[in-house]
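Letter by letter, the chains look like this.
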Amino acid sequence: MNSGTAASDKMLDLLETLLGGNQNGSLRAAAETLGLPSSTAHRMAAALVRRGFIAPAQRGHYVSGMRLANLVARSNPQDTLEAVSRPTLRALASESGATTHLGIWDGEMVTYLVKQAGRGATLFTSEGGQLEAYCSAIGKVLLAHIDPAKRDAYLLAGPFIALTDRTKIDPADIQAELDEVARLGFALDQQEIAQDLFCIALPVRDANGAVIAAVSLSVTGAAAKWVEPPAALRRCVATIERRLGTGGTD
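So, a few notes on the structure that sits alongside this text.

About the criteria used
Residues numbered from 1 in each chain as written. Predicted model: local features only at pLDDT ≥ 70, side-chain atom pairs only at ≥ 80, totals over all residues. Heavy atoms only, no water. Helix = DSSP H or I, 4+ residues; strand = E, 2+ residues; numbered from the N terminus. Buried < 20%, exposed > 50% of the residue type's maximum accessible area, 1.4 Å probe, protein only. Contact = heavy atoms within 4.5 Å. Areas by Shrake-Rupley, 256 points an atom, 1.4 Å probe, with all protein chains shown as cover. Lys, Arg positive; Asp, Glu negative; His and termini not counted. Charge placed at Lys NZ, Arg CZ, Asp CG, Glu CD. Axes fitted to C-alpha atoms, helices over the stretch in contact; angles between N-to-C directions. Parallel < 35°, antiparallel > 145°, perpendicular 65-115°, else oblique. Left-handed = near helix turned anticlockwise from the far one by under 90°. Nonpolar A, V, L, I, M, F, W, Y, C, P; charged D, E, K, R; others polar. Pairing = 2+ DSSP bridges. Salt bridge = Lys/Arg side-chain N within 4 Å of Asp/Glu carboxyl O. Core = buried A, V, L, I, M, F, W, Y, C linked by side-chain atoms within 4.5 Å. Phe/Tyr/Trp six-rings, centres within 6.5 Å; stacked < 30°, edge-to-face > 60°.

Focus on the overall build of the chain
Looking only at helices and strands, the chain has 9 helices and 8 strands in total. Projected onto its principal axes, the C-alpha positions of the chain cover 65 × 40 × 30 Å. For the chain, the proportion of its 250 residues judged to be buried stands at 44%. The long-range fraction of contacts in the chain, counting pairs at least 24 apart against all pairs at least 6 apart in sequence, stands at 51%. Total accessible area on the chain is roughly 13300 Å²; 52% of this is exposed by carbon and sulfur atoms. The distance from the centre of the 24 positive side-chain charges to the centre of the 26 negative ones in the chain is 11 Å.

Structure representation (structure tokens):
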């Protein structure tokens, strides 16, 4: 890493710690957390003030600057997820031959942000469309990682409809499967949404480890039963997380 990159990283670390940590905007506390000399922290803060990314508040404390606030206001997390994920899901669909999806938790349903068709049968899913969470692979991943109180409320809100003869509709059975999904780290849909449809999904996490979406492979045909996530699916999720800033470089 060259000196210019290192300096940029330190300035971004200071910005994140100053505004997003437990320092309440204290430059001194942020500098101590990062192990930065006071003079270096003040020099970086002055540069961030000049660019409008932070603004001085009470003595020694800073808040988000108007330029940063305006940039954040114009951003949309769903647009970011869609843009970052699409080329990776397209490559995964081409490599695997399966249909790939990226979905999020939205109003107690799964909303698909990205769909890339594979070489198999055309599926009924669509971008912007929604499916039930309790019987879809993506939905199970998301349900397994939402706040427990929200999950309990969801399970109590039934009744759940059997879409096929394999759909679990008893809340206790659904909860048991969600516990298994949390333990294993992936979810399966084995003809639970539609006959002859098999899906497997992995979570997508943000930089703090929170699950913000899930990616799935979907195919038709009994020969497509998965036991564990294929390496290509794991690589796809890892690439998406790197591009979202979870860690590492692409």
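Let's pick the thread back up.
Notes on the environment of Pro148
Following the sequence through the fold, Pro148 ends up in helix 7 (residues 148-156). Separated by 55 residues in the primary sequence, Pro148 and Pro203 place their C-alpha atoms 17 Å from one another.

Structural notes on the packing of helix 5 (residues 77-96) against helix 9 (residues 231-244)
With their axes 10 Å apart at the nearest point, helix 5 and helix 9 run at an angle of 160 degrees to one another. Taken together, helix 5 and helix 9 sit at an angle that is classed as roughly antiparallel. Helix 9 is crossed by helix 5, and the crossing has right-handed handedness. Contacts between helix 5 and helix 9 involve Thr80, Leu81, Val84, Ser85, Pro87, Thr88, Leu89, Leu92 and Glu95 from the first element and Ala232, Leu233, Arg235, Cys236, Thr239, Ile240, Arg243 and Leu244 from the second. Across the contact of helix 5 with helix 9, the residue classes tally to 10 nonpolar, 4 polar and 3 charged.

Regarding the sheet that holds strand 3 (residues 99-106)
Each strand in a sheet pairs with its neighbour through backbone hydrogen bonds, running either in the same direction (parallel) or in the opposite one (antiparallel). As summarised here, the arrangement of the 6 strands in space is 5-4-3-8-7-6, forming an open sheet in which the pairing is antiparallel. The two strands at the open ends of the sheet, each matched to only one other strand, are strand 5 (130-131) and strand 6 (187-190). Pairing of strand 3 with strand 4 (residues 109-116) involves 7 bridges; the strand directions are antiparallel. Across the sheet, residue Thr100 finds its bridge partner in strand 4, namely Gln116. Its contacts with the sheet put helix 5 on strand 3, strand 4 and strand 8 (211-220), and the angle it makes with strand 4 is roughly 55 degrees.

Examining the pattern of salt bridges
The final tally for this structure, using the stated rule, is 8 salt bridges. For Glu82, the salt bridge identified is with Arg86, shortest N-O distance 2.5 Å. You can see Glu82 and its partner Arg86 sitting in helix 5, 4 residues apart, about one turn around the helix. On the basis of relative accessibility, which here comes to 18%, the residue Arg86 falls in the buried class.

Overview of the environment of Lys115
If you trace the backbone, Lys115 turns up in strand 4. Taking C-alpha positions, Lys115 is 9.6 Å from Ser216, a pair spaced 101 residues apart along the chain. Those residues in contact with Lys115, other than ones at most four positions away along the chain, are Arg86, Thr99, Thr100, His101, Leu123, Thr125, Ser126 and Glu127.

Overview of the nonpolar core
Judged by nonpolar contacts, the single largest core of 27 residues is most densely connected at Ile138 and Tyr154. Broken down by secondary-structure element, the contributors of at least two residues to this core are strand 4, helix 6 (137-145), helix 7, helix 8 (171-184) and strand 7 (197-205). Here this core takes 6 residues from helix 6, the largest share from any one element. Among all residues touching Tyr154, those that are not within four sequence positions of it are Trp105, Glu108, Glu132, Ala133, Tyr134, Leu143 and Phe160.

Quick notes on the packing of aromatic side chains
Evaluated as defined, the whole model comprises 3 aromatic pairs. Centre to centre, the rings of Trp105 and Tyr154 are 5.6 Å apart; their planes meet at 65 degrees, and the pair counts as edge-to-face. In this pair, Trp105 sits in strand 3 while Tyr154 sits in helix 7, placing the two residues 49 residues apart along the sequence. Judged by its relative accessible area of 5%, Tyr154 falls in the buried class. The rings of Trp105, Tyr134, Tyr154 and Phe160 are connected pair by pair, giving a single aromatic cluster.

Quick notes on the side chain of Ser218
Of note, Ser218 is situated in strand 8. Leaving out residues up to four positions away in the same chain, Ser218 has contacts with Ala98, Thr99, His101, Leu123, Leu197, Phe198, Cys199 and Trp226.

Interpretation in functional terms is not warranted from these geometric data alone.
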